[in-house]
Amino acid sequence: MSSEPTSQPPASKSRGTFLYLLTLVGAAALVGFAIWNVSGGADAQVERFGKQAPESALMMPADGKVDSRFHFLNAWQVAQVPKAVRFDPPLGSEHGALVYNGQKYWEMNEKRGAHHVGDDLNGIGGMNTDLGDPVFAVADGLVVFSGEPTPEWGKVIVVAHKSPDGKPVHSMYSHLDRIDVAKDSLVARGTRIGTVGTANGYYPAHLHFEMRSADGVDIGGGYGSQTLNRLDPMATVQSLRHAAPEALSPSALASTLAKSVAVTK
Ligand SMILES: [Zn+2]
């Protein structure tokens, strides 16, 4: 009986300490939540860094950690990128006929909660009538990515070009059904590099086409809140076309490559 009074005070003391710590942790959590809320919470994070899912891969992450899959072109690749004196559309006729733009560059996509960073090019038949249609390199260039970053991106090709004024620009062809070119190969304007696909059935067939001002490869997301290095794709092709609307001519690189193939045979 005599032990009870002496054992009681330490027990209540430790319970008091526990409650005190619990209050501190609770207060810290409340302050943290308040700061998160003032900074706008999840919506603001999406607003600031862009909606990354489901088209996410190979990107510089928002927290600044370097994704090793992001890489600049090496000196050898840069030296190989040919100067592109003319650009043509990637789908339809050489003049871009028989194609419509289903979702234009920088259109707000409410479902994704961000802006579309490319042009969705479709054959005029709609839905899957363009499945398997040829996709063409928009200009002479070097293939710097050829593969499937995620199932939602499907098969993707990135071609590096040097614009007539020497600036590095990339064209990106996504959701492909087939890839017909290997990484590090030279392609001429108008070369069939792949075919229109559905990204493994995620979307009705279309070509998600992007143009970027870039000297490194980061696939990134198909939607974003900031343009970053993305250019208005079809407007850029138009501004770099350097040809009369009715002009038809093969790329000089195409005949050079054809000759080199003939020589090696
Ligand atoms: Zn798209």
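On a predicted model such as this, the values are computed, not experimentally measured, just so you know.

What about the overall build of the protein?
Turning to step 1, where the next piece is worked out: If you tally the helices and strands in the protein, you get five helices and 16 strands.
Turning to step 2, where the next piece is worked out: By residue count, 35% of the 265 residues in the protein fall in the buried class.
Turning to step 3, where the next piece is worked out: Long-range pairs, those at least 24 residues apart, make up 68% of the contacts in the protein between residues at least 6 apart in sequence.

A word on the sheet that holds strand 6 (residues 134-136)
Turning to step 1, where the next piece is worked out: Read across the open sheet, the three strands follow the order 6-12-10; overall the sheet is antiparallel. Since the sheet does not close on itself, it has two edges, and those belong to strand 6 and strand 10 (178-179), each with one partner.
Turning to step 2, where the next piece is worked out: By the bridge criterion, two bridges tie strand 10 to strand 12 (residues 192-195) in an arrangement that is antiparallel. Directly across from I179, in strand 12, lies its bridge partner G194.

Notes on the pairing of strand 8 (residues 155-162)
Turning to step 1, where the next piece is worked out: Among the eight residues that make up strand 8, seven are buried, leaving the element largely enclosed by the rest of the structure.
Turning to step 2, where the next piece is worked out: Sheet topology places strand 7 (residues 141-147) next to strand 8; five bridges connect them, and they run antiparallel. Along strand 8, the bridge assignment pairs L142 with A160.
Turning to step 3, where the next piece is worked out: Counting the residues that bridge the hairpin from strand 8 to strand 9 (residues 168-176) gives five residues, and of these G166 lies at a positive phi of roughly 90 degrees.

Describing unusual backbone geometry
Turning to step 1, where the next piece is worked out: The backbone of W106 shows a phi angle near 65 degrees, a positive value even though the residue is not glycine.
Turning to step 2, where the next piece is worked out: Following the sequence through the fold, W106 ends up in the loop between strand 2 (99-103) and strand 3 (108-109).
Turning to step 3, where the next piece is worked out: One non-glycine residue, N200, adopts positive backbone phi at about 60 degrees.
Turning to step 4, where the next piece is worked out: Residue placement: N200 occurs in the loop between strand 12 and strand 13 (207-213).

A look at the environment of E107
Turning to step 1, where the next piece is worked out: Within the fold, E107 resides in the loop between strand 2 and strand 3.
Turning to step 2, where the next piece is worked out: The spacing of E107 and V117 is 10 residues in sequence and 8.1 Å in space, taken between C-alpha atoms.
Turning to step 3, where the next piece is worked out: In this structure E107 touches H115 and H116, once residues within four positions along its chain are discounted.

Some details on the sheet that holds strand 15 (residues 223-224)
Turning to step 1, where the next piece is worked out: The three strands lie next to each other as 3-4-15, forming an open sheet whose pairing is antiparallel. Whereas interior strands pair on both sides, the edge strands pair on one side only; in this sheet they are strand 3 and strand 15.
Turning to step 2, where the next piece is worked out: Relative to strand 4 (residues 114-116), strand 3 is paired through two bridges, and the arrangement is antiparallel. When the sheet's bridge partners are listed, M108 is paired in strand 4 with H115.

Remarks on the nonpolar core
Turning to step 1, where the next piece is worked out: In terms of nonpolar packing, the biggest core is built from 41 residues, with V135, A137, V156, I157, V159 and Y173 touching the most fellow members.
Turning to step 2, where the next piece is worked out: Where this core is concerned, the elements lending two or more residues are strand 6, strand 7, strand 8, strand 9, strand 13 and helix 4 (233-239).
Turning to step 3, where the next piece is worked out: For this core, the leading source of residues is strand 8, giving five residues.
Turning to step 4, where the next piece is worked out: Residues in contact with I157, not counting those within four places in the same chain, are V143, F145, S146, Y173, L176, I179, V181, I193 and G194.

Some points on the confidence of the model for the protein
Turning to step 1, where the next piece is worked out: Looking at the protein as a whole, its pLDDT mean stands at 82, while 75% of the residues score no less than 70.
Turning to step 2, where the next piece is worked out: Considering only residues more than four positions removed or in separate chains, one finds that residues 1-9, a stretch of pLDDT under 50, has zero contacts.
Turning to step 3, where the next piece is worked out: Predicted confidence is poor over residues 37-58, with pLDDT under 50, and the contacts of this stretch with residues over four places away or in other chains come to 39 contacts.

What about the pairing of strand 13?
For a regular strand, side chains alternate in direction, first toward one face of the sheet and then toward the other.
Turning to step 1, where the next piece is worked out: With six of its seven residues buried, strand 13 lies for the most part within the structure.
Turning to step 2, where the next piece is worked out: In terms of strand pairing, strand 5 (residues 119-123) meets strand 13 through three bridges, oriented antiparallel. Residue D120 lies in a different strand from strand 13, and its bridge partner there is H208.
Turning to step 3, where the next piece is worked out: Pairing of strand 9 with strand 13 involves six bridges; the strand directions are antiparallel.

Conventions and cut-offs
- Each chain carries its own residue numbering, running from 1 in the written order of its sequence.
- Since the coordinates come from a predicted model, pLDDT governs what is reported: local features require at least 70, and pairs of side-chain atoms require 80 or more to be given and counted, while whole-chain, interface and lining totals use all residues.
- Only DSSP runs of H or I with at least four residues qualify as helices, and only runs of E with at least two residues qualify as strands; both kinds are numbered from the N terminus onward.
- Remark: C-beta atoms are placed from the backbone, and a residue is labelled buried if 20 or more other C-beta atoms sit within 10 Å of its own, exposed if 12 or fewer do, or partly exposed between those counts.
- Residue pairs are scored as contacts if the distance between their C-beta atoms, which are placed from the backbone, is within 7 Å.
- DSSP bridges decide pairing: two strands pair if at least two such bridges lie between them.
- Defined on buried residues, the nonpolar core groups Ala, Val, Leu, Ile, Met, Phe, Trp, Tyr and Cys residues joined through C-beta atoms within 7 Å.
- pLDDT runs from 0 to 100 and stands for how confident the predictor is about each residue.

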